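Spelled out, the chains give:
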Amino acid sequence: MRIVQISDFGGPEVLNIITAPDPEPGPGEVLVRVRATSVNPVDIQLRRGDYSDGVNLPARIGVDVAGVIAKVGPGVSRFAVGDEVFYVPRLLENEGSYADFHVEQEAIVAKKPYSLTFAQAAALPLAAGTAWECLIERAQLQAGQRVLVHGGSGGVGVYALQIASGAGAFVATTCRSENFDMVRNLGAHACFDYREPDLYTGLASDPREKFDVILDTVGGNTIENSLTLLKPFGKVVSIVDQSTPQNLISGWAVNGSVHFVFTTQSAARLERLRDFVDSGLLKPVIEREYTLDEVVEAHRAIERGQRSGKIVLTTE
């Protein structure tokens with residue numbers, strides 16, 4: 001089989017496609033014929049060496065899978081050969097979805113949404129699962145609440161908008177003004193251009209209209225700035241590594257809470273996402289599809305920034 005591997009940390013040019021034997025599933029595992037995967041920020045971080053202390057070289061890349069069960073290991077009971085599935089491999093432990101085949105524990109695998117192609121399904125597990133975990137599981141979002149999503153046109157943001165809207169919340173977002181039409185179509189009720197120098201003044205223009213939940217997908221000083229926008233007992237949830245100290249005093253004044261999410265793997269979460277998709281409340285947002293042979297260019301594309309959806313890799 002083909003698989004993308006790195007022997008050194010660095011830029012996209014360190015990505016190499018090698019040939020390796022097809023893997024075999026062990027007890028409680030399934031072998032999946034990968035039909036599509038996607039490019040995520042964690043792939044870029046792993047390739048650059050951001051997690052070098054926990055990654056042994058050579059290392060394999062990729063953390064989204066949509067495909068077909070090719071074999072099942074001893075003790076597998078939830079799946080049979082031919083089932084169409086999607087999942088997130090165990091992060092920093094079992095990467096390698098940029099490949100023709102991948103082995104994973106059946107416990108974190110789910111049947112893919114019936115209404116989606118493999119390419120569409122591959123755009124969901126990590127990004128949409130992260131958005132769900134942040135808003136529904138961690139923030140306990142309720143209908144009628146007010147949500148602010150920083151980075152609504154990004155890989156996680158496009159799903160956060162749909163999940164929040166589908167849950168019955170009022171949704172505001174920050175993104176480039178060029179993407180306002182797109183994010184409105186995904187459920188945003190109010191849009192703010194993050195490049196405006198008075199962004200937070202505009203967001204705080206009406207003190208009666210503060211937010212119950214704020215999702216940070218962009219980093220920088222977003223947490224510190226967002227705390228001034230919280231309602232009493234509101235929540236800020238961030239998926240971004242925080243390396244710079246921030247002033248949290250504004251959160252103290254409103255009994256606010258800050259949550260950091262490094263997403264976990266959950267078949268149950270994916271099953272709820274599948275129901276959301278098949279009921280028409282959530283749809284994949286794909287900017288462009290590449291083939292596995294074009295993996296270097298796919299990484300270059302995501303590093304150029306200014307995302308308007310997911311970058312997908314197909315194996316056929």
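Coordinates for the structure precede this section.
Each chain carries its own residue numbering, running from 1 in the written order of its sequence. Residue-level local features of this predicted model are given only where pLDDT is at least 70; pairs of side-chain atoms are given and counted only at 80 or more, and the full residue set underlies all totals for whole chains, interfaces and linings. Here the side-chain values reflect all heavy atoms present in the structure, with hydrogen atoms and water set aside.

1. Quick notes on helix α3 (residues 125-138)
Phase 1 of the analysis: Bend, in this description, refers to the angle at a residue between axes fitted to the seven residues ending there and the seven starting there. Put simply, DSSP marks the helices as runs of H or I at least four residues long and the strands as runs of E at least two long, and each gets a number from the N terminus on. By the largest-angle criterion, W132 marks the main kink of α3, which is about 25 degrees.
Phase 2 of the analysis: α3 sits mainly inside the fold: twelve of its 14 residues count as buried.
Phase 3 of the analysis: Between buried and exposed lies partly exposed: a residue is buried under 20% and exposed over 50% of the maximum accessible area for its type, with that area taken using a 1.4 Å probe on protein chains only. For α3, every residue scored as buried is listed here: P125, L126, A127, A128, G129, T130, A131, W132, E133, C134, L135 and I136.
Phase 4 of the analysis: Positive backbone phi, approximately 55 degrees, marks Q140, located one or two places after α3.

2. Let's talk about the environment of S243
Phase 1 of the analysis: One can find S243 in the loop between β13 (230-238) and α8 (249-253).
Phase 2 of the analysis: Residues S243 and G219, 24 residues apart in the sequence, show an inter-C-alpha distance of 9.5 Å.

3. Focus: the packing of aromatic side chains
Phase 1 of the analysis: Two rings from Phe, Tyr or Trp (for Trp, the six-membered ring) form a pair when their centres are within 6.5 Å of each other. A pair whose planes differ by under 30 degrees is stacked, one over 60 is edge-to-face, and the rest are tilted. Taken as a whole and judged by the stated rule, the model has one aromatic pair.
Phase 2 of the analysis: Between W132 and F276 the ring centres are 5.2 Å apart and the planes differ by 85 degrees, which places this aromatic pair in the edge-to-face class. Here W132 is found in helix α3, whereas its partner F276 is found in helix α9 (residues 267-278), with 144 residues between them in sequence. One exposure class covers both W132 and F276, and it is buried.
Phase 3 of the analysis: Working rule: Lys NZ or Arg CZ, within 6 Å of ring centre, within 35 degrees of ring normal, means a charge sits over the ring. The ring centre of F101 lies 5.5 Å from the NZ or CZ of R33, which sits over that ring.
Phase 4 of the analysis: Here the basic side chain of R146 rests over the ring of F211, its NZ or CZ set 5.0 Å away from the ring centre.

4. Here we look at the nonpolar core
Phase 1 of the analysis: Residues belong to one nonpolar core when they are buried, are Ala, Val, Leu, Ile, Met, Phe, Trp, Tyr or Cys, and are joined through side-chain atoms within 4.5 Å. L124, L135, L141, V147, Y159, I163 and L282 are the most contacted members of the largest nonpolar core, which totals 59 residues.
Phase 2 of the analysis: Here the element with the most residues in this core is α3; it accounts for seven residues.
Phase 3 of the analysis: Formed by 25 residues, the second largest nonpolar core is a distinct cluster that contains V14, L46, L126 and L313.

5. Regarding the sheet that holds strand β11 (residues 190-193)
Phase 1 of the analysis: A pair of strands counts as paired when DSSP detects no fewer than two bridges linking them. Pairing in this open sheet of six strands is parallel, and the strands run β11-β10-β9-β12-β13-β14 from one edge to the other. Since the sheet does not close on itself, it has two edges, and those belong to β11 and β14 (257-260), each with one partner. With direction set aside, neighbouring strand axes in the sheet form an average angle of 15 degrees.
Phase 2 of the analysis: Looking at chain direction, β13 and β14 are connected through four bridges and run parallel. Its bridge partner being in β14, S238 is matched across the sheet by F260.
Phase 3 of the analysis: Where α3 meets the sheet, it contacts β9 (146-150), β12 (211-216), β13 and β14, and its direction lies at approximately 155 degrees from that of β12. An axis is simply a line fitted to the C-alpha atoms; with a helix, the fit covers only the stretch in contact. Between two such axes, the angle follows the N-to-C directions and lies from 0 to 180 degrees. The contact criterion used throughout is that any non-hydrogen atoms of two residues lie within 4.5 Å.

6. Concerning helix α10 (residues 295-303)
Phase 1 of the analysis: Within α10, the full set of buried residues consists of V295, A298, H299, A301 and I302. For α10, the angular spread of the buried residues around the axis is 160 degrees, confining them to a single face.
Phase 2 of the analysis: In this fold, the buried residues of α10 make contact with β1 (2-6), β2 (16-19), β3 (29-39), α1 (41-48), β15 (286-291) and β16 (310-314).
Phase 3 of the analysis: G305 sits one or two residues past α10 and shows a positive phi near 80 degrees. By arc we mean the arc of the directions from the helix axis to the C-beta atoms, nothing more.

7. Some details on unusual backbone geometry
Phase 1 of the analysis: A cis geometry characterises the amide bond from L57 onward to P58, with omega recorded as -5 degrees.
Phase 2 of the analysis: Structurally, the position occupied by P58 is in the loop between α1 and β4 (59-60).
Phase 3 of the analysis: One non-glycine residue, Q140, adopts positive backbone phi at about 55 degrees.
Phase 4 of the analysis: One non-glycine residue with positive phi stands out, namely N255, at about 55 degrees.
Phase 5 of the analysis: Examined against the element boundaries, N255 turns out to sit in the loop between α8 and β14.

8. Some words on the pattern of salt bridges
Phase 1 of the analysis: Definition used for salt bridges: Asp or Glu carboxyl oxygen within 4 Å of a side-chain nitrogen of Lys or Arg. In this structure the tally under the stated criterion is 22 salt bridges.
Phase 2 of the analysis: Between R146 and E209 there is a salt bridge, with its nearest N and O atoms 2.9 Å apart. Of the two residues, R146 is situated in strand β9 and E209 in the loop between α6 (199-203) and β12; the sequence distance between them amounts to 63 residues.
Phase 3 of the analysis: By relative accessible area, which is 13% here, R146 ends up buried.
Phase 4 of the analysis: R195 is the partner of E178 in a salt bridge, and the nearest nitrogen-oxygen pair spans 2.8 Å. Of the two residues, E178 is situated in the loop between β10 (170-175) and α5 (180-185) and R195 in the loop between β11 and α6; the sequence distance between them amounts to 17 residues.

9. As for the pairing of β1
Phase 1 of the analysis: With respect to burial, β1 is a largely interior element, four of its five residues being buried.
Phase 2 of the analysis: Pairing geometry for β1 and β2, over four bridges, is antiparallel. Counted as the bridge partner of Q5 is N16 from β2.
Phase 3 of the analysis: Bridging between β1 and β4 involves two bridges; their strand directions are antiparallel. Pairing of Q5 across the sheet is with R60, part of β4.

10. Focus on the pairing of β13
Phase 1 of the analysis: Where β12 meets β13, five bridges bridge the pair, whose relative direction is parallel. Residue pairing for β13: D216 is matched across the bridge by S238.

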